[in-house]
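# Survey of secondary and tertiary structure
The primary structure of each chain is shown beneath.
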Amino acid sequence: TLGLRFDKLAIPKNAVIKSAYIQFSVDEVTNVDPCNLKIKVEDNTNASTFTEATGTISNRKTISDSVLWSPKAAWTVEETYLGDDVFGGYLSAGF
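With that settled, consider a nonpolar patch on the surface. Where nonpolar side chains cluster on the molecular surface, the patch consists of L2, L4, F6, L9 and I11 and spans about 560 Å² of accessible area. When you line up the elements, L9 lands in the segment before β1 (23-25).

Here's what the structure looks like:
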């Protein structure tokens, strides 16, 4: 489980997210192919920071929608990759 926290985004209540992308940069040779990611959004307008405690990410309440993303090929060190449109207008920020 991996958590990404964006704490300074000003998304208005009831806004609809039409698209969203996450960009990754590769810095080491570890290769997991295929890589299958399930992207979820926490159902909290004021999410707490992460800690080293067990479950600090996986025990958070998420909205019911999620997006599956499987990068098309193994990644190369020193390259940057832009993910697919991970939300595509299907997720509402009005939680």
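Under the criterion given, the structure shown has 2 salt bridges. Between R60 and E42 there is a salt bridge whose closest N-O contact spans 3.0 Å. A residue pair is termed long-range when its members are at least 10 positions apart, and R60 in the loop between β2 (37-42) and β3 (62-69) and E42 in strand β2 qualify at 18 residues. Across the pair D43 and K61 runs a salt bridge, and its minimum N-O distance is 3.6 Å. Note that D43 is positioned in the loop between β2 and β3 and K61 in the loop between β2 and β3, a separation of 18 residues in sequence.

All right, on to the side chain of T56 then. With respect to the helices, strands and loops of the structure, T56 is situated in the loop between β2 and β3. Contacts of T56, omitting those with residues within four sequence positions, involve T49, F50 and T51.

With that settled, consider a negative patch on the surface. A contiguous patch of negative charge, built from D27, E28, E78 and E79, is present on the exposed surface. Since its relative accessible area comes to 46%, E28 is described here as partly exposed.

Attention now moves to the environment of F50. Take F50: it is sitting in the loop between β2 and β3. Residues F50 and R5, spaced 45 residues apart in sequence, show a C-alpha to C-alpha distance of 8.4 Å. Excluding its chain neighbours within four sequence positions, the residues that come into contact with F50 are G3, L4, R5, T56, I57 and R60.

Positionally, V26 belongs in the loop between β1 and β2. In this structure, the C-alpha to C-alpha distance between V26 and Y81, residues 55 residues apart in sequence, is 8.2 Å. Once you skip the residues sitting within four places of it in the chain, V26 turns out to touch W75, T76, V77, E78, E79 and Y81.

Scored by pLDDT, the protein chain has a mean of 77; 82% of the residues are at 70 or more. The least confident element of the protein chain is strand β4 (residues 80-82), whose mean pLDDT is 78; the most confident is β2, at 84. Contacts from residues 89-95, a stretch scored under 50 in pLDDT, to residues over four places away or in other chains number 25 contacts.

What counts as what
Residues numbered from 1 in each chain as written. Predicted model: local features only at pLDDT ≥ 70, side-chain atom pairs only at ≥ 80, totals over all residues. Heavy atoms only, no water. Patch = residues over 30% accessible without salt bridge, like charges linked within 9 Å, V, L, I, M, F, W, Y side chains within 5 Å. Areas by Shrake-Rupley, 256 points an atom, 1.4 Å probe, with all protein chains shown as cover. Salt bridge = Lys/Arg side-chain N within 4 Å of Asp/Glu carboxyl O. Helix = DSSP H or I, 4+ residues; strand = E, 2+ residues; numbered from the N terminus. Contact = heavy atoms within 4.5 Å. Lys, Arg positive; Asp, Glu negative; His and termini not counted. Charge placed at Lys NZ, Arg CZ, Asp CG, Glu CD. Buried < 20%, exposed > 50% of the residue type's maximum accessible area, 1.4 Å probe, protein only. pLDDT = per-residue confidence, 0-100.

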